[in-house]
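The lines below spell out each chain.
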Amino acid sequence: MTSLDDLPIRDDLRGKSPYGAPQKHVPVALNVNENTHPIPEDVAHDIVARVAAAIIGLNRYPDREFTELRTALARYLGHDLVPEQLWAANGSNEVLQHVLQAFGGPGRTALGFGPTYSMYGLLSSGTGTGWIAADRDGDFELSPETAVAAIERHDPDVVLLCSPNNPTGTPLSLETIAAVADAARGVVVVDEAYHEFADPGTPSALTLLEGRPRLLVSRTMSKAFAFAGARVGYLAAAPAVIDALRLVRLPYHLSALTQAAALGALAHADEMLAMVDEIRAQRERITRELRGLGFHPYRSGANFVLFGGVADPHAVFEALLDRGILIREIGLPGCLRVTAGTEAETTAFLEAMASFAPSTAANA
Ligand SMILES: *Cc1c(COP(=O)(O)O)cnc(C)c1O
């Protein structure tokens, strides 16, 4: 049988592994940071009506410029943004791919601060962009000095700042973002996939866009918005940046069904985001209770918690799975990551973790 190695595949893709977070049907799935609360029923009905209306017109290509959606996204983000500053695609992963296609590519580099979102390296590899994972400070923090030193040393074409950072949860200060934006020669993307979960009052990097034409801020409807299955991500930047992304996108990349569904969800933004406070409360509860059990949870501004102090992460991962609870092994020694779900899901996770508590391990 022909294997991958037998194919005339690009040399730079040989030996690579695809993105592969396990997709298992378990009662408690807390491994990919989805919003585990279902979409409210009245919102679902409105979205269905909008999608149904769009189906009649599927003989035609959709609005290539998704003008109505960009207008709705600008309104949702606020900060005096206009539709000409907005871009969207099938998930923010595709938005980031567009950025790398336009500003990265062969002979160019993208830099992030590891451990960070695994897709940055994969999207770099897919677009032929060299990927550089620079170091963070202790406890996965990132000071302006550390960040700027890496920029000066590597002079990347694209910088990917994950704020707050996945998989560590670490919030990123506006001081660090501004320092990187001012030091970098290339474009700087701030990936705010989890911004809605930040503590109330936390400023967005959107506040830094004015006067910084190479700063890009990406968001997604996959997390706080409870819309992961619809695949909608978006970005705000200077209109010239949007012109650059237009050069690399496929024509009509956002289907009429996606546009209709996204507009429906945005029309009910308050309801779609209603569970965010509750999820944040569960995140704080996970942090508090894991600490009480003797684990080492890291500071999180997202809907998940990374925690250390796990003697055998793989064994704990498997033992939880046996109980129908799926969390995430991310390859950091002694660490696991868990998504903050509903109160009941969080309870199931915390009760299971009690049997692996370092503080009781000695008695076991
Ligand atoms: C989940 C996540 C995304 C979202 O990806 P989509 O393609 O929009 O679903 C983007 N960035 C980070 C850091 C994430 O964790």
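Residues numbered from 1 in each chain as written. Predicted model: local features only at pLDDT ≥ 70, side-chain atom pairs only at ≥ 80, totals over all residues. Heavy atoms only, no water.

A. Region of interest: the pattern of salt bridges. The final tally for this structure, using the stated rule, is 17 salt bridges. Glu65 is paired through a salt bridge with Arg249; the nearest N and O atoms lie 3.3 Å apart. Linking Glu65 in the loop between helix H1 (41-55) and helix H2 (67-77) with Arg249 in the loop between helix H7 (239-246) and helix H8 (256-267), this pair joins segments that are 184 residues apart in sequence. Look at the salt bridges and you will find they share partners, linking Glu65, Arg70, Asp243, Arg246 and Arg249 into a network. (Salt bridge = Lys/Arg side-chain N within 4 Å of Asp/Glu carboxyl O. Helix = DSSP H or I, 4+ residues; strand = E, 2+ residues; numbered from the N terminus.)

B. Quick peek at the site of the ligand. In the vicinity of the ligand lie 13 residues, with Ser92, Tyr194, Thr220, Ser222 and Lys223 positioned nearest. A distance of 2.7 Å is found between a nitrogen atom of the ligand and a side-chain nitrogen or oxygen belonging to Asp191. Side-chain polar atom of Thr220 to an oxygen atom of the ligand: 2.5 Å apart, as the coordinates give it. Within the complex, 94% of the 390 Å² of free accessible area of the ligand lies under protein. Each residue belonging to the shell around the ligand can be placed in one class, and the counts come to 4 nonpolar, 6 polar and 3 charged. (Near = heavy atom within 4 Å. Polar contact = N/O pair within 3.5 Å; in protein donor to acceptor, adjacent residues only side chain to side chain. Areas by Shrake-Rupley, 256 points an atom, 1.4 Å probe, with all protein chains shown as cover. Nonpolar A, V, L, I, M, F, W, Y, C, P; charged D, E, K, R; others polar.)

C. The UniProt feature "modified residue: N6-(pyridoxal phosphate)lysine" (unreviewed entry) in the protein chain, seen in detail. UniProt marks Lys223 with the feature "modified residue: N6-(pyridoxal phosphate)lysine" (unreviewed entry), using the numbering shown here. Mapped onto the elements of the fold, Lys223 is located in the loop between strand S7 (215-220) and strand S8 (233-236). Residues within four places of Lys223 in sequence aside, it is in contact with Val32, Asn33, Asn35, Ala193, Tyr194 and Phe197. (UniProt positions renumbered as here; feature names shortened; annotations may be inferred. Contact = heavy atoms within 4.5 Å.)

D. Structural context of the state of the cysteines. Taken as a whole and assessed by the stated rule, the structure comprises 0 disulfides. With no disulfide of its own, Cys162 has Cys335 as its nearest cysteine by sulfur position, at a separation of 16 Å. Judged by relative accessible area, Cys162 falls into the buried class, the value being 6%. (Disulfide = S-S within 2.5 Å. Buried < 20%, exposed > 50% of the residue type's maximum accessible area, 1.4 Å probe, protein only.)

E. Summary view of the side chain of Asp191. Of note, Asp191 is situated in strand S6 (residues 187-191). The side chain of Asp191 is buried and forms no salt bridge, while Lys223, the nearest opposite charge, is found at 7.4 Å. (Lys, Arg positive; Asp, Glu negative; His and termini not counted.)

F. Seen up close, the UniProt feature "domain: Aminotransferase class I/classII large" (unreviewed entry) in the protein chain. UniProt feature "domain: Aminotransferase class I/classII large" (unreviewed entry): in the numbering of this structure it lies at residues 28-352. The span residues 28-352 is 40% helix and 15% strand, and its two end C-alpha atoms sit 12 Å from each other.

G. Spatial organisation of unusual backbone geometry. A cis amide bond links Gly114 to the next residue, Pro115, at an omega of 0 degrees. Note on placement: Pro115 falls in the loop between strand S3 (109-113) and helix H4 (118-126). Across the junction of Asn166 and Pro167, the peptide omega takes the value 15 degrees, indicating a cis bond. A positive phi angle is found at Asp80, which is not glycine, with a value near 60 degrees. In the Ramachandran plot, Arg231 falls in the positive-phi region, its phi being about 65 degrees despite a non-glycine side chain. Tracing the chain through its elements places Arg231 in the loop between S7 and S8. The exposure class of Arg231 is partly exposed, given its relative accessible area of 33%.

H. Quick peek at the pairing of strand S2 (residues 86-89). Burial of S2 is two-sided: the residues Leu86 and Ala88 facing one way and the residues Trp87 and Ala89 facing the other way are all buried. Alignment of S2 against S8, held across 4 bridges, turns out to be antiparallel. Paired with Ala88 across the two strands is Tyr234, which belongs to S8. (Pairing = 2+ DSSP bridges.)

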